[in-house]
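Topology and contacts: notes
Each chain is listed here by its residues.
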Amino acid sequence: MKAVLLNGSPREGNSYTALAALKKGFANIEDLVIEEIAAGDVSVSPCLACEVCHDSGMCVFDDDTNEIMDDIVSADVIVFATPVYWWGITAQLKLIIDKFYSRSSQLMECKKQVGIIVVGQMPVEDTQYALIRKQFECISDYLGWDIAFYNAYSAYDAGDLAENADAIAEIEELWKQIK
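The structure reproduced in this document is the subject of the present report. (Residues numbered from 1 in each chain as written. Predicted model: local features only at pLDDT ≥ 70, side-chain atom pairs only at ≥ 80, totals over all residues. Heavy atoms only, no water.)

In this model, the largest pocket occupies a volume close to 290 Å³. Taken together, 16 residues form the lining of the largest pocket, with Val84, Tyr85, Gly120, Gln121 and Tyr156 sitting closest to its centre. Elements supplying a minimum of two residues to the lining of the largest pocket: α1 (14-26) and β4 (113-120). Broken down by class, the residue content of the lining of the largest pocket amounts to eight nonpolar, seven polar and one charged. (1 Å grid on protein atoms, 1.4 Å probe; cavity = no way out; pocket = protein on both sides within 12 Å on 5 of 7 lines; lining within 4 Å. Points joined across faces, edges and corners; volume = space filled by probe spheres on them. Helix = DSSP H or I, 4+ residues; strand = E, 2+ residues; numbered from the N terminus. Nonpolar A, V, L, I, M, F, W, Y, C, P; charged D, E, K, R; others polar.)

Written out as C-alpha cells, the structure is:
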C-alpha cells in the first residue's frame, strides 16, 4: 500500500507537525510506503486547460507536475494537509490539485482513500473549515474517491499544534480510519 501526503504549507509549522504525528500513526500500517510532497518545495505551473494532457496523458510543462501525478495515480491513500489562508487551502496546494485535470480520467479509475487535515487560526466551527471540507467532498465525489477522515484544528503560531497533546494523539490515531 502507498500513501502520498501532500503538505500544502509553504513553511514549517502546524501542517508539518500534523503530518509528523500522522506518519507516527501510519507506522502501524504494515508495508505502507509513504511519499511526502511539500507543495512549497516543488515547481508546478498553473494549468492552462490547453488539453494536450488529454491526448498525451502528460502535462506539457517541464516542471514537477508529471512526477507528482505519477505518485498520485499510484497511491492508495492521499492525505491533504493545509493551513487555512484567506478562507481556503494554500495556493501551493491548489496548484497541485488543479493539475489533477491532467490525469482526471486515470484518477477516476483509481479507488483512493482520502484524508484531510486543516489547521487554521479560527475556531473549527468557523465557515472557512466548512468551505474547505465541501471542496474536498466535491473533488472526491467527482473522482469516486472515499474520504477516510477530515479533521480540522485551531492553531495559529507555528508551534501551537505541537502543544495540543489531545490533537496530536487524535492525529496519530487517524491511521485506524484507513481500510
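On to the packing of α1 against helix α7 (residues 165-172), then. Two elements in contact, α1 and α7, have axes whose closest approach is 7 Å; the angle formed by their N-to-C orientations is 45°. The orientation of α1 relative to α7 falls into the category oblique. The handedness of the crossing between α1 and α7 is right-handed. Contact residues: Thr17, Ala18, Ala21, Leu22, Lys24 and Gly25 in α1; Ile168, Ile171 and Glu172 in α7. Its residues assigned to classes, the contact of α1 with α7 shows five nonpolar, two polar and two charged. (Axes fitted to C-alpha atoms, helices over the stretch in contact; angles between N-to-C directions. Parallel < 35°, antiparallel > 145°, perpendicular 65-115°, else oblique. Left-handed = near helix turned anticlockwise from the far one by under 90°. Contact = heavy atoms within 4.5 Å.)

Turning next to α7. Turning to α7, its buried residues are Ala167, Ile168 and Ile171. Taken down its axis, α7 places every buried residue within 100° of arc, on the same side. α7 presents Ala165 and Asp166 as exposed residues on the side facing more than 90 degrees away from its buried surface. Elements that come into contact with the buried residues of α7 comprise α1, β4 and β5 (146-154). (Buried < 20%, exposed > 50% of the residue type's maximum accessible area, 1.4 Å probe, protein only. Arc of directions from axis to C-beta.)

This part is about the pattern of salt bridges. Overall, the coordinates contain nine salt bridges when judged by the stated rule. Arg103 is the partner of Asp70 in a salt bridge, and the nearest nitrogen-oxygen pair spans 2.9 Å. In this pair, Asp70 sits in helix α3 (residues 65-74) while Arg103 sits in the loop between α4 (91-98) and α5 (104-109), placing the two residues 33 residues apart along the sequence. Assessed through its relative accessible area of 40%, Asp70 is described here as partly exposed. (Salt bridge = Lys/Arg side-chain N within 4 Å of Asp/Glu carboxyl O.)

Both faces of the sheet carry side chains from a regular strand, because those side chains alternate between them. Judged by how many residues are buried, strand β1 (residues 2-7) sits mostly within the fold: six of six residues are covered. Of the two faces of β1, both are covered, the one formed by Lys2, Val4 and Leu6 as well as the one formed by Ala3, Leu5 and Asn7. Across six bridges, the pairing between β1 and strand β2 (residues 33-38) is parallel. If you follow Leu5 over to β2, its bridge partner there is Glu36. Taken together, β1, α1 and β2 constitute a β-α-β crossover, and its handedness is right-handed. In the sheet, β1 pairs with strand β3 (residues 77-83) via five bridges, with the strands oriented parallel. If you follow Ala3 over to β3, its bridge partner there is Val77. (Pairing = 2+ DSSP bridges. Right-handed = clockwise from strand over helix to strand, strands pointing away.)

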